[in-house]
Amino acid sequence: MSDLQNDTDVIEERQGYTDEDVTDDSRMAAPLRDQIVMSLKKRLDDEEIAQKLTNIWTQAMNDRARWIKRQQEFLQVVDEFVDPVYDVAMDWGSNLHLPVTLTVLKSVHSRFYAALMGTKPSFTMRARRGSMVERAITTQRLMEYGIREWSNEGTGIEDEVDKWIWSWGQTGEGILKSSWKRRFSKFEDVETQVEESIETQVDPESGEIIQVPVSRKVEVAVEKVEKVVDCPEVSCVPVENYVAVGGDGCPQRADYVFEEVDYLTASDILSLVDQQIFDKEAAMEIIEHGRRALGSAAGDEMKFARKATSGEDTLEKHYEPDKYRIIEAYIRHPVDDSGINSDIVVWFSPNSDKVLRATYLRRLTKTNLRPYARIEYYKRAGTQHPAGIPELMYSLQKEIDAIHNIRMDVGILQSMPFGFYKPSASMTDEKMPVEPGAMIPLMDPSRDVFFPNIGNKVSFGFQEEASLTSYVEKLMSINDMSLGVMSGAQGATRTATGAQLLAGESSTNLDIHLQRLNRGWKHFLMYFWGLIQERIPDGFEFRVFGQSGATEYLQIRNREAVAGEYDFELEPNSANSNPQLMRSQAQQIYQMTQNPIDFQLGLISAKNRYEAVKNLLQATGIRDTSRFITEPDDNFVKMSPQELVDRTLSGVNVPIDPRLDWQGFIAFVQEIMNNDDLLGQFQGEQVVVLQAKANEAQQMLSAMQQAENDAMVTRQAQANTDATFGGDSGVTANVNFNPADGLGGEG
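Anyway, here's the lowdown on the structure attached to this text. (Residues numbered from 1 in each chain as written. Predicted model: local features only at pLDDT ≥ 70, side-chain atom pairs only at ≥ 80, totals over all residues. Heavy atoms only, no water.)

Further remarks concern the pattern of salt bridges. What the rule picks out here adds up to 36 salt bridges. Two residues, R43 and E47, come together in a salt bridge whose shortest N-O distance is 3.5 Å. In this structure, the salt-bridge partner of E191 is K224, at a minimum N-O distance of 2.6 Å. Note that E191 is positioned in strand β2 (residues 173–202) and K224 in strand β3 (residues 209–236), a separation of 33 residues in sequence. The network of salt bridges with shared partners includes D34, R182, K227, D230 and R535. (Salt bridge = Lys/Arg side-chain N within 4 Å of Asp/Glu carboxyl O. Helix = DSSP H or I, 4+ residues; strand = E, 2+ residues; numbered from the N terminus.)

Laid out in structure tokens, this is it:
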């Protein structure tokens, strides 16, 4: 029982509390879609479904006991820094645990988190119908806002995605759950009201006593119940709280999916009763049975292990509010006499034989999907549990620890001498410690005492440890390059080409895991979008960064404005997890889109060039790109060299647009200048204007060529810099380029 509040007393006070006691202005009833389906609950209670599901859940959790035990051992390998991981043979022996598994795990975690959340946006929404294309931009901005700012009471989902990916790497599976959260707060507030009264006054003109109405503002105490939270909620479900029966653990294909909800207090349960989401009678019975008894489920051992590793003594904290165990179950079960299964959701407690809540899955969201996005790291076909990084590296980690500690023990034996002496010598028959400054009485030390020289026995340990590290790199595709450190080795990283090839092959090995992550992420996006479509409040306003990077304010008038079917195209790949690679790719795109020939051929437009520059700015970390670039208009008219000459002679100012054929214009003007017959048809002022325009165009072309040459030099220098971390040897840069005319090149 909590030290602050006795929930039994709350139940006794609640017995006389009825719906009639709830005034209309403070009613907290949820939308009908979220309320309990009483007809379904009654049928399930008649079938005693709560007892049947409790038995299934208990058996399924007991079947996972061995897996839970293994996860505790793997947790010790990853998250143990104080206590030894095994007992040593001798008191003075080394028992150091090298955090090799943790190093790989945090490297994989950071790379995949950056690939998923470092790209903005990490997905693109495409309308399935042409009539919805215009809404796609607004809906995508709404999704981005919902994911990064609106959900989880305004904190976004970054923290939960962080836990999701970590659980994925550590245990082999990560489970991300989406739901909609409403929370109400009851309090007594102070409001200013206008109070009407009648006062007796003397009429200044007639002197008679009259009654005058008077209004004055007064402050009064008012009881209120306000909605303080109404937003999507995303949470990473601990793997020990989740169990699927059938379907190889997939929440969509499983026959039963159970989640232990162990964070609800009595206040939370009673609030859901007032919202007509939970049944009042079943809720009272659950609270009367008392708080959740820790250690009564197989998954509690994992919770105890985490707490113990972090330094906490127990999970039972009486100074915290009492928590109650409620099981949320997704099942397929016939609800009528047809015998056809329906997808239903049932909330129940193992301590009660009554259903707390029952509804149809279709009511929660029209996507008809269960709210869990599950990802697997190393798949095992036909099994419930995939393998995580600690399990894959378990034997290698143990061997590395053993080899390292053996090498340390040999080093201690070499550094601190041990010896033999005759029992008949002047020393007694006992162990004699060797200490600095100690004087041991002996008649003949050179003959009576012998200190053996065991020689150098540590070289094999270095070789074996290097071999094991090589196996780790091959198994996990994580090496010094992935960690961003200099190993001193050369090999393939001797040149920039070799370094890029090695990095590309390493990314290829990680791409399969990223594809698995993308599948789970896509499932989450589909369900999350379904929640928003069904529950977004009318007139919802939000702030986003527009396409140009500037701040924009948008409003969703009603749910019809976000209706429709959309597909999600995912952008994350292994390159997105490396900021340097992203900048390098953006730089290459930037250089490619400035080719004047492609401009003249129409392969590249001003819009394409704008996107390339914008992409480069975003790759460098600049979100508000409108401070530096302006999106061009699409009113472009393509003109031939003859038309450019005509416009120039007619006095029309033609901007030097790279998309125009200025090379052809220069050749056309040069032909006029070289032909006396053509030149004689123009006046002197016209000839000067044409020559000035041709010079201006030539300067623009020369500047573009010089920029391309400078970019080539910069790109080669950057490649050389990227290759230097592969070894200590120098890298020679051979840069060949042709200068533009007038800059050292041939005219």
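Despite not being glycine, E48 shows a phi value in the positive range, around 55°. One can find E48 in the loop between α2 (38–46) and α3 (49–63).

A sheet is described by the order of its strands in space; here three strands give the open sequence β3-β2-β9, paired in antiparallel fashion. Edge positions in the sheet fall to β3 and β9 (372–376), since each has one partner strand and no second. Each strand axis lies, on average, 15° off the axis of its neighbour in the sheet, ignoring direction. Of the pairings in the sheet, the one linking β2 to β3 comprises 27 bridges and is antiparallel in character. Considered in β3, the bridge of Q201 is made with I210. Lying on the sheet, helix α6 (residues 133–154) is in contact with β2 and β3; it crosses β3 at an angle near 110°. Strand contacts of helix α7 (residues 158–171): β2, β3 and β9, with the helix running at about 160° to β2, the strand carrying the most contacts. (Pairing = 2+ DSSP bridges. Axes fitted to C-alpha atoms, helices over the stretch in contact; angles between N-to-C directions. Contact = heavy atoms within 4.5 Å.)

A few words on the sheet that holds strand β6 (residues 324–334). Within the open sheet, the five strands sit side by side as β4-β5-β6-β7-β8. Their pairing is antiparallel. On the outer flanks of this sheet lie β4 (242–245) and β8 (355–360), each paired with one strand and no other. Here the average twist between neighbouring strands, direction ignored, is 20°. With five bridges connecting them, strand β7 (residues 341–348) and β8 associate as antiparallel partners. If you follow F348 over to β8, its bridge partner there is V355. Of the strands in this sheet, β6, β7 and β8 are in contact with α2, which crosses β8 at around 125°. The sheet strands contacting helix α9 (residues 280–288) are β6 and β8, and the helix crosses β8 at an angle near 140°.

Quick look at empty space enclosed by the protein now. According to the stated counting rule, one finds two cavities of 30 Å³ or more in the structure shown. Each pocket or cavity is described by its volume, and for the largest cavity that value is around 50 Å³. What lines the largest cavity is M117, P121, S122, F123, E144, I147, R148 and W521. With three residues, the single largest contributor to the lining of the largest cavity is α6. When grouped by side-chain class, the residues that make up the lining of the largest cavity number five nonpolar, one polar and two charged. (1 Å grid on protein atoms, 1.4 Å probe; cavity = no way out; pocket = protein on both sides within 12 Å on 5 of 7 lines; lining within 4 Å. Points joined across faces, edges and corners; volume = space filled by probe spheres on them. Nonpolar A, V, L, I, M, F, W, Y, C, P; charged D, E, K, R; others polar.)

Where β6 lies against β7, eight bridges are found, and the strand directions are antiparallel. Counterpart to R332 in the pairing with β7 is D343. Count of turn residues in the β6/β7 antiparallel hairpin: six residues, of which G339 carries a positive phi of about 80°. Counted along the chain from β7 to the antiparallel partner β8, the turn is six residues long.

Turning our attention to α9. A282, A283, M284, E285, I286 and I287 are the residues of α9 that are buried. Structurally, the start of α9 carries an N-cap: the backbone nitrogen of E281 is 3.4 Å from a side-chain oxygen of D279. In the stretch just after α9, G290 is the one whose phi turns positive, near 100°. (Buried < 20%, exposed > 50% of the residue type's maximum accessible area, 1.4 Å probe, protein only. Polar contact = N/O pair within 3.5 Å; in protein donor to acceptor, adjacent residues only side chain to side chain.)

Taken together, the side chains of I597, L601 and L603 make up a nonpolar region of the molecular surface, amounting to roughly 340 Å² of accessible area. Among the secondary structure elements, I597 is positioned in helix α19 (residues 596–601). (Patch = residues over 30% accessible without salt bridge, like charges linked within 9 Å, V, L, I, M, F, W, Y side chains within 5 Å. Areas by Shrake-Rupley, 256 points an atom, 1.4 Å probe, with all protein chains shown as cover.)

Moving on to the packing of helix α4 (residues 65–79) against α7. Between α4 and α7, the least distance of the axes is 10 Å, while the angle of their chain directions is 105°. The orientation of α4 relative to α7 falls into the category roughly perpendicular. Of α7, the residues touching α4 (which contributes W67, Q71, L75 and V78) are W166, Q170 and T171. (Parallel < 35°, antiparallel > 145°, perpendicular 65-115°, else oblique.)

Enumeration over the complete set of coordinates arrives at 16 aromatic pairs. Where Y256 meets F258, the ring centres are 6.2 Å apart and the plane angle is 15°; that geometry is what we call stacked. F258 gets classed as buried once you look at its relative accessible area, which sits at 0%. A network of ring pairs unites the aromatic residues Y145, W150, W180, F540 and F542 as a single cluster. We note R357 situated over the ring of W347; from NZ or CZ to the ring centre the distance is 4.3 Å. Sitting over the face of the ring of F462, R407 holds its NZ or CZ atom 4.3 Å from the ring centroid. (Phe/Tyr/Trp six-rings, centres within 6.5 Å; stacked < 30°, edge-to-face > 60°. Lys NZ or Arg CZ within 6 Å of the ring centre and 35° of its normal.)

For the pair helix α5 (residues 100–117) and α7, the least separation of the axes is 9 Å and the interaxial angle reads 135°. On the basis of the axis angle, α5 is oblique to α7. When you trace α5 past α7, the crossing you get is right-handed. Seen from α5, the contacting residues are L102, L105, K106, H109, F112, Y113, L116 and M117; seen from α7, they are E158, V161, D162, W164, I165, W166, W168, G169 and Q170. Here the residues of the contact of α5 with α7 sort into 11 nonpolar, three polar and three charged. (Left-handed = near helix turned anticlockwise from the far one by under 90°.)

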